[in-house]
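# Descriptive structure summary
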Amino acid sequence: MSVLKQYWRVALGIVVIAALIVAPMYLNRYGLFILSQWAVMTIAAMGLNLTLGYAGQVSLAQGAFVGIGAYTAAIMTANGMPLIAGLGVAIVLCFAIGWILGYPALRVQHHYLAFVTLAFSTLAFLVFRNESWLTNGIYGISNIPRPVILGYPTNRPLPFYYVCLGSLALVSLATWWLIRSPWGRAFVALRENPVRALSLGIDTRRYTLMAFAIGSVLGGVAGTLYAPLTQYIDPVPFNLSLSLDLLLMVIVGGSGFFFGPFLGAMIAVLLPEWLREVTQGYYLMLYAVAVILLLIYSPTGILGIIDRYLTERRTRAASALRAVAKSGLEPAP
């Protein structure tokens, strides 16, 4: 039975991947933009899921790191440098800032830490808006070029969608490896019980800093793709609302689940567009009500509902097997 389930999972994965590759060929420019935005926001949400879902460190600064990556890519590509150079600088910059931002997590936790990261998010927004010599202030940076990959330009929406999708695939593979490595298990131990993790010899200080740094890097990677996707950036998209949207994606999809950011970004990016077509002017109210009801019913998100159902099903199956085994051990009359 387990082999059959494994085949079903593989088949479902192949169908989803094929749909993500083939279906966009029949979409218009706006549809391709929305799907590309979903891929970019999923990368950013995966970073927050590492920090919050696996390591248990609350952060309201992920949107600021998306902004740092976006402005880094925009400034460098606007000055004739390739996007891959902007990506490298964004990774180093976000890793360093994320590592420094992790130090307050060594002293404060929960809502206190949320306020610290909130202050950093506000600081980053003020830098984006006021430091005109670097970011061009409220006027933003326009005409951001899209990359040429192996001699193939990605100016058109479909090729750049595949760039975003390929980046998402690479980040997903790296994250899958990370959470199944000793680092990932250390992150989970840090989330569940820091004192017990420390007693087991885990360097909780280093892993707390690494959780912030790696999560921040994925935010920077998402920002590096966001800049050429929109081809224009200004400070407004990188205010606190973006960090809250990313937090919503992680929680609604399922915090601490690998596929949570994928589903959460789909709910946050694609569902409002579908509701806009179906319900006209009431789509935002219906979207808000749906999210509220979901979180009331399942604080662990959509994947939490599925996980709870599967756990209960395994428990019932195990109880039935124990009952059968017990009846077999009873002496015959």
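Residues numbered from 1 in each chain as written. Predicted model: local features only at pLDDT ≥ 70, side-chain atom pairs only at ≥ 80, totals over all residues. Heavy atoms only, no water.

### Topic: a nonpolar patch on the surface
Quick note on the threshold: Residues enter a patch when their relative accessible area is above 30% and they make no salt bridge; the linking distance is 9 Å between like charges and 5 Å between nonpolar side chains (Val, Leu, Ile, Met, Phe, Trp, Tyr). Every accessible area reported is derived by Shrake-Rupley at a probe size of 1.4 Å, with residue values counting cover from the shown protein chains alone. For this document, the term salt bridge refers to a Lys or Arg side-chain nitrogen within 4 Å of an Asp or Glu carboxyl oxygen. Under the DSSP-based scheme used, a helix requires at least four consecutive residues in state H or I and a strand at least two consecutive residues in state E, with every element numbered from the N terminus. Here's how the labels work: a residue is buried when its accessible area is under 20% of the maximum for its type, exposed when over 50%, partly exposed in between, all with a 1.4 Å probe on protein chains only.
Taken together, the side chains of I17, I21, V22, M25 and Y26 present a nonpolar region at the surface, about 530 Å² in accessible area. Following the sequence through the fold, I21 ends up in helix α1 (residues 2-22). Classification of I21 as partly exposed rests on a relative accessible area of 36%.

### A word on the nonpolar core
Using the following cut-off: Grouping buried Ala, Val, Leu, Ile, Met, Phe, Trp, Tyr and Cys residues that are joined through side-chain atoms within 4.5 Å yields what is termed a nonpolar core. Only heavy atoms enter the contact rule, under which two residues are in contact if any of them lie within 4.5 Å.
Core analysis: the largest hydrophobic core is formed by 75 residues, its most contacted members being V40, M41, F187, I233, F238, L246 and M249. At 13 residues, helix α2 (residues 29-54) tops the list of elements feeding residues into this core. The residues touching V40, leaving out its near neighbours within four places in the chain, are C164, A222, L225, Y226 and L229.

### Looking at the environment of V58
Within the secondary structure layout, V58 lies in the loop between α2 and α3 (62-78). Sequence-wise, V58 and V116 are 58 residues apart; in three dimensions their C-alpha atoms are separated by 9.8 Å. Apart from the residues lying within four places of it in its own chain, the contact partners of V58 are L52, H110, L113, A114, T117 and F212.

### Some remarks on the state of the cysteines
What counts here: The criterion for a disulfide is a pair of cysteine sulfur atoms lying within 2.5 Å.
Summed over the entire model, instances satisfying the criterion amount to zero disulfides. Distance from the sulfur of C94, which forms no disulfide, to the nearest cysteine sulfur (C164) is 17 Å. For C94, a relative accessible area of 0% corresponds to the buried category.

### Comments concerning helix α5 (residues 111-130)
Let me state the cut-off plainly: Take the number of residues in a helix, subtract one, and multiply by 1.5 Å to get its expected span. Directions are taken from the helix axis to each C-beta atom, and the arc is the one they span.
The end-to-end C-alpha separation of α5 is 28 Å, in line with the 28 Å expected for 20 residues at 1.5 Å each. Among the residues making up α5, those that are buried are L113, A114, T117, F120, S121, A124, F125 and F128. One face of α5 carries all of its buried residues, which in axial projection span an arc of 140 degrees. Facing away from the buried side of α5 by over 90 degrees, the exposed positions are Y112 and F115.

### Side note on the environment of F257
Looking at where F257 falls in the secondary structure, it is placed in the loop between α11 (240-253) and α12 (260-279). On a C-alpha basis, the gap between F257 and N28 in space is 32 Å, while along the polypeptide they are 229 residues apart. With residues up to four places along the chain from it excluded, the contact list for F257 reads N49, Y54, T300, L303, G304 and D307.

### Here we look at the packing of α3 against helix α4 (residues 83-101)
Stated formally: Angles here are taken between N-to-C directions and fall from 0 to 180 degrees, while the axes themselves are lines fitted to C-alpha atoms, restricted in helices to the stretch in contact. Note on convention: the crossing is left-handed when the near helix lies turned anticlockwise from the far helix by less than a right angle, right-handed when the turn is clockwise.
Contact geometry for α3 and α4: axes closest at 9 Å, N-to-C directions at 150 degrees. The handedness of the crossing between α3 and α4 is right-handed. Residues F65, I68, G69, T72, A73, M76 and T77 of α3 form the contact with α4, whose own contacting residues are L83, A85, G86, V89, A90, L93, C94, I97, G98 and L101.

### Focus on the packing of aromatic side chains
The condition is simple: The pairing test for Phe, Tyr and Trp rings, Trp by its six-membered ring, is centres within 6.5 Å, and the orientation test on the planes gives stacked under 30 degrees, edge-to-face over 60, and tilted for anything in between. We call a charge positioned over a ring when the NZ of a Lys or the CZ of an Arg lies within 6 Å of the ring centre and within 35 degrees of the ring normal.
Tallied over the entire structure, the rule returns 12 aromatic pairs. Look at F187 and Y207: their rings are 6.0 Å apart centre to centre, the planes differ by 85 degrees, and that puts the pair in the edge-to-face class. You can see F187 sitting in helix α8 (residues 182-192) and its partner Y207 sitting in helix α10 (residues 204-230), a full 20 residues away along the chain. Accessibility expressed as a relative area gives 1% for F187, which makes it buried. Centroid distance Y226 to F238: 5.7 Å. Interplanar angle 75 degrees. Geometry classified as edge-to-face. A residue pair is termed long-range when its members are at least 10 positions apart, and Y226 in helix α10 and F238 in the loop between β4 (232-233) and α11 qualify at 12 residues. In this structure, Y226 and F238 share a single accessibility class: buried. Through a chain of ring-to-ring contacts, the aromatic side chains of Y71, F128, Y226 and F238 assemble into a single cluster. In this structure, R146 packs its charged tip against the face of F160, placed 4.8 Å from the ring centre. Positioned above the aromatic ring of Y207, the side-chain terminus of R206 is 5.0 Å from the ring centre.

### Structural notes on the environment of W38
Summarising the element assignment, W38 is placed in helix α2. Accessibility expressed as a relative area gives 4% for W38, which makes it buried. In contact with W38, not counting residues within four places along its chain, are L20, L168, F262, A265, M266, V269 and L270.

### Some details on α2
This is how the line gets drawn: Distance and chemistry together define a polar contact, namely a pair of N or O atoms within 3.5 Å, with one atom able to donate a hydrogen and the other to accept it when in protein, and with adjacent residues in sequence counting only for side-chain atoms on both sides.
Given a rise of 1.5 Å per residue, 26 residues ought to cover 38 Å, and the 36 Å separating the end C-alpha atoms of α2 matches this to within 8%. Of the residues flanking the start of α2, the one acting as N-cap is N28, its side-chain oxygen 3.3 Å from the backbone nitrogen of Y30. Once α2 ends, the next one or two residues include G56, with phi positive near 75 degrees.

### Some remarks on the side chain of D234
Put simply, the rule is: For this count, His and the chain ends are skipped, Lys and Arg are scored as positive, and Asp and Glu as negative.
Take D234: it is sitting in the loop between β4 and α11. This buried residue, D234, is left without a salt bridge; R129 holds the nearest opposite charge, at 11 Å. In contact with D234, other than residues within four places in its own chain, are Y71, I138 and G140.

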